Amino acid sequence: MTTRLDRLLGLLESGATPLVRSTAARQIGGIQKQHPEELYNLLGRVYGYVGSKSWDTRVAAAQAMEAIAKEVDEWEPEAGEQEAEMDADWLTFEQFDVDAVLRNGRLLLGSAGKEYDEVKATGQERVAMQRAQIKQRLGLGAQFLDEDLLDDVDLGADDVE
């Protein structure tokens, strides 16, 4: 015997029209209203349809999640919970020292931008620098290796002038 939820989930997947699917989604939201303790179970069941190959099924699943979210009560922490959070050792705006960050902080960049600097070099020097960069990016630099694994012959380039 199938439950009402199973039948509604079936309609999400195989409803004849978008109207049928959206009605099923709204009714799934109604189930959340009737059984608020089953929120995670309900979301887990609907989430399986979000990755469906059918576009209509994905839309209906998203509508069902929206209907579920509308029926969830707003969370209001109790006074004891707020005090516990305030007592925690969190950084506050008053404690934050911008000068110290600028003086001692590190750059949050993936690159210092050296690869964009224009280098005034001849053709041979530029090729040598590019080969060194390739070796470094591939992790084949000689800093940890006794022998050179990547030679100029491996790069397949003849002498460029």
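Before reading on, note that the structure itself is shown above.
What counts and how
The numbers attached to residues start from 1 for each chain and follow its sequence in the written order. Whole-chain, interface and lining totals are the exception, using all residues; otherwise, since this is a predicted model, local features are given only for residues with pLDDT of at least 70 and side-chain atom pairs are given and counted only at 80 or more. The side-chain quantities take in all heavy atoms of the structure and omit both hydrogens and water. Helical segments are the DSSP runs of H or I of at least four residues, strand segments are the runs of E of at least two, and each set is numbered from the N terminus. Within 3.5 Å is the distance limit for a polar contact, defined as a pair of N or O atoms, with the added protein rule that one can donate a hydrogen and the other accept it, and that residues adjacent in sequence qualify only through two side-chain atoms. Whether two residues are in contact is decided by their heavy atoms, any of which lying within 4.5 Å being enough. For every element, the axis is a line fit to its C-alpha atoms; helices are fit only across the contacting stretch, and the angle between N-to-C directions ranges from 0 to 180 degrees. Here the word oblique covers every angle except those under 35 degrees (roughly parallel), over 145 (roughly antiparallel) and from 65 to 115 (roughly perpendicular). It is the rotation of the near helix from the far one that decides the hand of a crossing: anticlockwise by less than a right angle makes it left-handed, clockwise makes it right-handed.

Remarks on the side chain of T57
At step 1: Among the structural elements, T57 can be located in helix α4 (residues 55-71).
At step 2: Within the structure, the side chain of T57 is placed 3.3 Å from the backbone oxygen of E13, a separation counted as a polar contact.
At step 3: Ignoring sequence-local partners within four residues, the contact set of T57 consists of L12, E13, R21, Y49 and S52.

Some remarks on the packing of helix α2 (residues 18-34) against α4
At step 1: Put simply, α2 and α4 touch, their axes get as near as 8 Å, and they point 30° apart. The orientation of α2 relative to α4 falls into the category roughly parallel. Seen from above, α2 lies across α4 with right-handed handedness. Contacts between α2 and α4 involve R21, S22, A25, R26, I28, G29, Q32 and K33 from the first element and D56, T57, A60, Q63, A64, A67, I68 and E71 from the second.

Here we look at the environment of A67
At step 1: Assignment of secondary structure puts A67 in helix α4.
At step 2: Along the sequence, A67 and Q32 sit 35 residues apart, while their C-alpha atoms lie 8.5 Å from each other.
At step 3: With residues up to four places along the chain from it excluded, the contact list for A67 reads A25, R26 and G29.

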